[in-house]
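A structural walkthrough
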Amino acid sequence: MMPTSGQLLFDMLQNAGSVALVAHVSPDMDALGASLGARELLRQGFPALERVDVFCQDPVPESYAFLDLTRLVLPPERAQGPYDLCVAVDVASYDRLGSCAALFDRARARFVIDHHGSNDFENVPRLLLPQSAATAQIVVDLCLERGVRLSAEAASCLYAGLSTDTGNFSFEAVTPGTFRAAAWLVEQGAKPDWITQHLYRTRSMPSVRALGRALDTMRLSAGGRVALLCLSLADRREVGAQDGDYEGIVNYGIETKGVLAAALVSQRDEGIRCSVRTKEGVDAAAVARRFGGGGHPRAAGMSLQGELDQALEAVRCALEEAVEEACRTDS
Ligand SMILES: [Mn+2]
């Protein structure tokens, strides 16, 4: 039976002195916001804890640096000895821990807080709520359960996580509970206008250039139902883009009229990443799983090996098959 409350986690925290919270590699704002929100929940709700640290293999994207608390996110090299408890936050699978896996493995106890239906930590105690629109929403529910209030800074991080994982409160996964969580965060001091301004109405120049290049590469196939965008390593270097600068680019593909499945394939120093977006009936997570990735029904992602051209071709085929299949079952 999956725990649907925080009681199991709260019990584990009673016996812990130090806790490491770990966000996934290439962190998005939900992973960071939920981790930073959980940090404050733990510090306030469990005053006996001596240390609560937040880790991520990769640095915080520049586009989230407007949130002060993101400065608290540490690389795993900064860990101080083994932790009593390591909590993976918004991490759907072991490999998404990246170099934080050692922290997780060496901790005396482990726990997972996540909302990805594809979460595969079957042998770790977890609070897995796929019906939650964001892991940030789960953390808000834990705060309410524990009776903890948050600082405006922590509430802002959670609000930003909730907002980005829900397309600013517009995806199918959004429920009354999502808005209740958002309302509570605003009560704690989160400022929707200020956060929205930074998240959606401020672009770095490299991200604008990257968007332009990606749009130039966009190709439709399967009768206009599949859109593929691409950014090579050369593009990345020429525009000076960082990971966070690619955020949202894939949406231009899925927002194109007639498109049912879209992907942005981006080459990075460490390999090739792919973001997938789909419309009703096409399962993005299933496409990602074919490549060892995962995610949600409408938004998913994966890493790919090999040459960029081959990766593009493989993704295009997978999207076309997924669209064909969806259209067959539809009729
Ligand atoms: Mn998430």
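Conventions used here
Residues numbered from 1 in each chain as written. Predicted model: local features only at pLDDT ≥ 70, side-chain atom pairs only at ≥ 80, totals over all residues. Heavy atoms only, no water. Domains from an automatic or database assignment. Contact = heavy atoms within 4.5 Å. Buried area = accessible area lost by both parts, 1.4 Å probe. Donors = N, O, S within 2.8 Å, 3.2 Å for Na, K, Ca; no water. Helix = DSSP H or I, 4+ residues; strand = E, 2+ residues; numbered from the N terminus. Buried < 20%, exposed > 50% of the residue type's maximum accessible area, 1.4 Å probe, protein only. Salt bridge = Lys/Arg side-chain N within 4 Å of Asp/Glu carboxyl O. Lys, Arg positive; Asp, Glu negative; His and termini not counted. Pairing = 2+ DSSP bridges. Axes fitted to C-alpha atoms, helices over the stretch in contact; angles between N-to-C directions.

Some words on the domain arrangement of the protein chain
Bring the parts together and some accessible area is lost; that lost area is often taken as the interface size. Assigned domains within the protein chain: domain 1 (7-200) and domain 2 (205-330). The distance between the C-alpha centroids of domain 1 and domain 2 comes to 26 Å. The interface of domain 1 with domain 2 comprises 11 residues on the first partner and 12 residues on the second. Considering only the side of domain 1, the residues that lose the most area to domain 2 are Ser26, Ser118 and Glu172, jointly responsible for 41% of the buried surface there.

Considering the coordination of the manganese ion
Protein coordination of the manganese ion is provided by Asp30 (OD), Asp90 (OD), His115 (NE2) and Asp165 (OD), with donor distances spanning 2.1 to 2.4 Å. Positions of the donor residues of the manganese ion along the chain correspond to the pattern D-x59-D-x24-H-x49-D. Note that aspartate 90 is positioned in the loop between strand S4 (85-89) and helix H3 (101-106) and histidine 115 in the loop between strand S5 (109-114) and strand S6 (126-128), a separation of 25 residues in sequence. Classification of aspartate 90 by relative accessible area gives buried; the value is 1%. What makes histidine 115 buried here is its relative accessible area of 2%.

With respect to the pattern of salt bridges
Under the counting rule described, the total for this entry stands at 10 salt bridges. Ionic pairing is found between aspartate 53 and arginine 51, a salt bridge with its closest N-O pair at 3.3 Å. Within the structure, one salt-bridge network assembled from shared partners comprises Arg213, Asp235 and Glu238.

Topic: the side chain of aspartate 165
Mapped onto the fold, aspartate 165 is located in helix H5 (residues 152-165). In this structure, aspartate 165 is buried with no salt-bridge partner, the nearest side chain bearing the opposite charge being arginine 277 at 8.1 Å. Not counting the four nearest positions on each side in its chain, aspartate 165 is found in contact with Asp28, Asp30, His115, Ala133, Ala134 and Phe171.

Quick word on the sheet that holds S4
Pairing between the strands of a sheet comes from backbone hydrogen bonds, and it takes one of two forms, parallel or antiparallel. Pairing is parallel across the open sheet formed by 6 strands, whose spatial order is S3-S2-S1-S4-S5-S6. Of all the strands in the sheet, the pair left with one neighbour each is strand S3 (73-74) and S6. Pairing of strand S2 (residues 51-55) with S3 involves 2 bridges; the strand directions are parallel. Counted as the bridge partner of valine 54 is valine 73 from S3. Seen against the sheet, helix H1 (residues 7-14) touches strand S1 (18-23), S4 and S5 and runs at an angle of roughly 150 degrees to S5. Together, S4, S5 and S6 form the strand contacts of helix H4 (residues 135-146), whose direction differs from that of S5 by roughly 115 degrees.

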